[in-house]
Amino acid sequence: MSVRALLVDPSAPVAVRLGEVAEPEPGPGQVLVEVSHVSLNHGDLNDARSGRVPVGAVLGSDAAGVVVRAAADGTGPAVGTRVVALTSGAFAERVAIGVGELAEVPEGLDPAKAVGLPVAGVAALRSLRAAGLGPGRRVLVTGASGGVGRFAVQLAARAGAQVIASVGSAARAGGLAGAGADEVLVGLEGLKEPVDIVIDSVGGPQLVAAWDLLAPGGSVQSVGWTSGEPAVFPPYATVGPAKSLSSFVIDSEAGADLAVLTELAAEGSLTVETGWQGPWNRFDEAAEALHARRVQGKAILEITPH
């Protein structure tokens, strides 16, 4: 039996096409999930174009749906449970998912909202944790209108930090003050006082400028590079009081952190902003909008029937 999926294809307009693959056979610690929604991230587009995901393989990391086969070893959720997951090969009608890669979707939380949480929400949560988030710390979030950025603003504000949100244009600033940003800036213009933490998803010259703003003992977490531009540090930029620039990747099962995020979203303490939503046969449109930075928040694709 085959299932439809979004597959890497360099000859396609955005290097992805809708095709078919064999239905996966879950391992002992995996459940089979019938997927209803997936969420598109900048990293997915980079994976398709860069060769990190092989030609013909299923793309994607964020999926939400319903368990249709429980794990053979007795772990994880039962059949009929609504779940959201961070797993490779997520963009398919049915996906085999490890029980440590998913969380149950709480009552009252729309799966179309829950599916926006995995990559972006976990990246925001873990990067802030790694940087030493705490009350009173000055946190700069670049690319704050995107998925990771909006979650980082909300989570930092919830922790009692002073939050500065940086966006690419005034048109992209909507809702960030309400999400908890104390200041909303276009670029880094006007920011003079040092910051303790930078969550950067832009890269390029803005990463260099953010490094210059970092206080002694501070941390830059590089979670993305949407600018596609090189970051050129001038001589001696890294000589001086100790501070750090850390690369970031989600490198372990995200189920526990997803459970935290879904509970926050269900109780209204964390808002999932949707900037684009439509059926998955409009993947090209969603990808182009995301690449052109026309999406504020998350891009959500609905898995439609044949």
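Values in this document were obtained by computation on a predicted structure and should not be read as measured data. (Residues numbered from 1 in each chain as written. Predicted model: local features only at pLDDT ≥ 70, side-chain atom pairs only at ≥ 80, totals over all residues. Heavy atoms only, no water.)

### Digging into the packing of helix 3 (residues 118-131) against helix 7 (residues 255-266)
Point 1. Contact geometry for helix 3 and helix 7: axes closest at 10 Å, N-to-C directions at 100°. Judged by the angle between their axes, helix 3 and helix 7 are roughly perpendicular. The segment helix 3 lies against helix 7, with Pro-118, Gly-121, Val-122, Leu-125, Arg-126 and Arg-129 engaging Asp-257, Leu-258 and Leu-261.
Point 2. Looking at the contact of helix 3 with helix 7 residue by residue, the classes come out as five nonpolar, one polar and three charged. (Axes fitted to C-alpha atoms, helices over the stretch in contact; angles between N-to-C directions. Helix = DSSP H or I, 4+ residues; strand = E, 2+ residues; numbered from the N terminus. Parallel < 35°, antiparallel > 145°, perpendicular 65-115°, else oblique. Contact = heavy atoms within 4.5 Å. Nonpolar A, V, L, I, M, F, W, Y, C, P; charged D, E, K, R; others polar.)

### What to know about the packing of aromatic side chains
Point 1. Counting across every chain of the model gives one aromatic pair.
Point 2. Residues Trp-211 and Phe-233 carry aromatic rings whose centres are separated by 6.4 Å and whose planes lie at 85° to one another, so their mutual orientation is edge-to-face. Here Trp-211 is found in helix 6 (residues 204-213), whereas its partner Phe-233 is found in the loop between strand 12 (214-222) and strand 13 (244-247), with 22 residues between them in sequence.
Point 3. In this structure Phe-233 comes out as partly exposed when scored by relative accessible area, which is 28%.
Point 4. Above the ring of Trp-211, the side-chain terminus of Lys-243 is found at 4.7 Å from the ring centroid. (Phe/Tyr/Trp six-rings, centres within 6.5 Å; stacked < 30°, edge-to-face > 60°. Buried < 20%, exposed > 50% of the residue type's maximum accessible area, 1.4 Å probe, protein only. Lys NZ or Arg CZ within 6 Å of the ring centre and 35° of its normal.)

### Re helix 1 (residues 42-50)
Point 1. Among the residues of helix 1, Asp-44, Leu-45, Asp-47 and Ala-48 are the ones counted as buried. Seen from one end, helix 1 has its buried residues packed into an arc of 160°, which puts them on one side.
Point 2. Looking at the buried positions of helix 1, the neighbouring elements they touch are strand 1 (2-8), strand 2 (16-22), strand 3 (30-40) and helix 8 (283-291).
Point 3. Gly-51 sits one or two residues past helix 1 and shows a positive phi near 90°. (Arc of directions from axis to C-beta.)

### Brief notes about the pairing of strand 11 (residues 195-200)
Point 1. Counted residue by residue, strand 11 has five buried out of six residues, so it is predominantly covered.
Point 2. Inspection of the sheet shows strand 8 (residues 138-141) paired to strand 11 by three bridges, in the parallel sense. Paired with Leu-140 across the bridge in strand 11 is Val-198.
Point 3. Examined bridge by bridge, strand 11 and strand 12 share five bridges and lie parallel to one another. The residue of strand 12 that forms the bridge with Ile-197 is Ser-219.
Point 4. Taken together, strand 11, helix 6 and strand 12 constitute a β-α-β crossover, and its handedness is right-handed. (Pairing = 2+ DSSP bridges. Right-handed = clockwise from strand over helix to strand, strands pointing away.)

### Quick word on unusual backbone geometry
Point 1. With phi around 65°, Ala-15 is a residue other than glycine that occupies positive phi space.
Point 2. Note on placement: Ala-15 falls in the loop between strand 1 and strand 2.

### Considering the nonpolar core
Point 1. Core analysis: the biggest nonpolar cluster contains 44 residues, and Leu-117, Val-153 and Leu-155 have the highest contact counts within it.
Point 2. Mapped onto this core, the elements with two or more residues apiece are strand 5 (82-86), helix 3, strand 8, helix 4 (147-158), strand 9 (162-167), strand 11 and helix 7.
Point 3. The element best represented in this core is helix 3, accounting for eight residues.
Point 4. Aside from chain neighbours lying at most four places away, what touches Val-153 is Val-141, Ala-144, Val-163, Ala-165, Leu-176, Ala-179, Gly-180 and Ala-181.
Point 5. Residues Ala-5, Val-38, Trp-280 and Val-295 belong to the second largest nonpolar core, which totals 38 residues. (Core = buried A, V, L, I, M, F, W, Y, C linked by side-chain atoms within 4.5 Å.)

### A closer look at helix 3
Point 1. With 14 residues, helix 3 extends 20 Å between its outermost C-alpha atoms, agreeing within 8% with the 20 Å of an ideal straight helix rising 1.5 Å per residue.
Point 2. Across the 14 residues that make up helix 3, a large majority, twelve, are buried.
Point 3. Along helix 3, the residues classified as buried are Pro-118, Val-119, Ala-120, Gly-121, Val-122, Ala-123, Ala-124, Leu-125, Arg-126, Ser-127, Leu-128 and Ala-131.
Point 4. One or two steps after helix 3, the chain reaches Gly-132, where phi turns positive at roughly 85°. (Expected span 1.5 Å × (residues − 1).)

### Description of the side chain of Ser-127
Point 1. Considering the arrangement of structural elements, one finds Ser-127 in helix 3.
Point 2. Since its relative accessible area comes to 0%, Ser-127 is described here as buried.
Point 3. Setting aside chain neighbours within four positions, we find Ser-127 in contact with Ile-199, Gln-221, Val-223 and Phe-248.

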